[in-house]
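An overview of the molecular structure
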There are 2 protein chains.
Amino acid sequence: MKPITTLVTIVAATASFSLYKATPAGAEETMEISPDESRPADEGSADHFSGNVSVKPLFNPNAVRTFSSAEVTFTPCARTAWHTHPAGQTLIVTTGTGWIQQWGGQKQSIKPGDVIWTPPGVKHWHGATDSSAMTHIAIQDSVDGKPVDWLEHVTDEQYLQNS
Amino acid sequence: MKPITTLVTIVAATASFSLYKATPAGAEETMEISPDESRPADEGSADHFSGNVSVKPLFNPNAVRTFSSAEVTFTPCARTAWHTHPAGQTLIVTTGTGWIQQWGGQKQSIKPGDVIWTPPGVKHWHGATDSSAMTHIAIQDSVDGKPVDWLEHVTDEQYLQNS
């Protein structure tokens, strides 16, 4: 998610004195359509993911909107590393079947239409199951321009626990 | 979108003194999975939509998250009324082909993967085309608990202009 993180950092730094969500003076008032093909997917970094992961940027913060979003597709057995979100994260599962686990908790199955809220600071991972791909839309705010804090990889033993 | 609007109002009123996005004292630190089947779709109100529209709630604001989201499906010819969003709105098209138009602008086609940002106060409508259904995910913040201000219906003449 490097490109998004970088953009988030820039935008958040620029907008860091704006405490309220309102129309800033001089904000443009034209609808913006971002075509699908203008935002190609990137391979998820091996530093932050295991297996084949595709990260498609959806939108970044702007002068009004504080949150960002990406669509992430995990092939079977692929998953994030353990991580936390300083401002929390919302996931909307769109296709396939996945697993998600909070540190110290049970691994849980997630399916299309499920929505997951991970509160700030909660250590967790998410990804595909070992037999099915999974795609979710991820939406998150940032704290000081940072939407995520990456930790260690999820080992195969952790990943396959209670399967 | 009445159930969401009501919930947004309640939550926003409760949280109206929280200016910063951080973990409030006593916030729960457990991941929350909202199963798809726990949020049945509602029919879009005839006051705010034309044609057959299905509104499936995805998530409401909580103690940390300020924005809400719903998945909206329009059958061919169905569309919103003209409306504005006090804090803007982001749409992610997920299936089908749709139309979107800003007041005074040209009607534009939107397709899966397209992301649309409508700034605060911009009068517009969105919906299916006359020959294809369209589904989008809508994400919006609120101002004083209000995510949308509804206006008059889009007439057939306005809807079919330049088709």
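Further up the page is the structure itself.
Here the residue index of a chain counts from 1 through its sequence in written order. Both sets of labels track the order of writing: A upward for chains, 1 upward for ligands. A pLDDT threshold of at least 70 governs which residues receive local features in this predicted model, and a stricter bar of 80 or more applies before side-chain atom pairs are shown or counted, although totals over entire chains, interfaces and linings include all residues.

1. Quick notes on the relation of the copies chain A and chain B
Overlay of chain A on chain B (RMSD 0.0 Å): rotation 180°, translation along the axis 0.0 Å. Here the transformation between the copies is reduced to the relation of a two-fold axis. Comparing contact sets, 100% of the residues at the interface of chain A also lie at the interface in chain B, consistent with an isologous, same-surface contact. Here the copies were fitted onto each other by least squares, based on C-alpha atoms from residues at pLDDT of at least 70 in both. The contact criterion used here is simple: two residues whose C-beta atoms, placed from the backbone, lie within 7 Å are in contact.

2. Considerations on the nonpolar core
In terms of nonpolar packing, the biggest core is built from 50 residues, with Ile92 and Ile137 of chain A together with Ile92 and Ile137 of chain B touching the most fellow members. Excluding residues within four positions of it along the chain, Ile137 of chain A makes contact with Leu58, Ser69, Glu71, Ile92 and Thr94 of chain A together with Ile92 and Ile137 of chain B. Structurally, a nonpolar core is described as a collection of buried Ala, Val, Leu, Ile, Met, Phe, Trp, Tyr and Cys residues joined by way of C-beta atoms within 7 Å. Our exposure labels follow a C-beta count within 10 Å of each residue's own C-beta, placed from the backbone: buried means 20 or more other C-beta atoms, exposed means 12 or fewer, and partly exposed covers the counts in between.

3. With respect to the environment of Trp125 of chain B
All names here are of chain B. Along the chain, Trp125 turns up in strand S12 (residues 124-128). A sequence separation of 46 residues divides Trp125 from Arg79, and the C-alpha atoms of the two residues are 7.1 Å apart. The residues touching Trp125, leaving out its near neighbours within four places in the chain, are Arg79, Thr80, Ala81, Trp82, Gln101 and Val154. Only DSSP runs of H or I covering at least 4 residues are called helices, and only runs of E covering at least 2 are called strands; the numbering of each starts at the N terminus.

4. What about the pairing of strand S13 (residues 134-140) of chain A?
All names here are of chain A. Burial analysis of S13 places six of its seven residues in the buried class, which makes it a mostly covered element. The rule for pairing is simple: two strands pair if DSSP sees at least two bridges between them. Of the strand pairs in this sheet, strand S5 (residues 68-74) and S13 are connected by seven bridges, and their pairing is antiparallel. Bridge pairing in S13 places Val72 opposite His136. As paired strands, strand S8 (residues 89-96) and S13 are joined by six bridges and run antiparallel to one another. Bridge pairing in S13 places Leu91 opposite Ala138.

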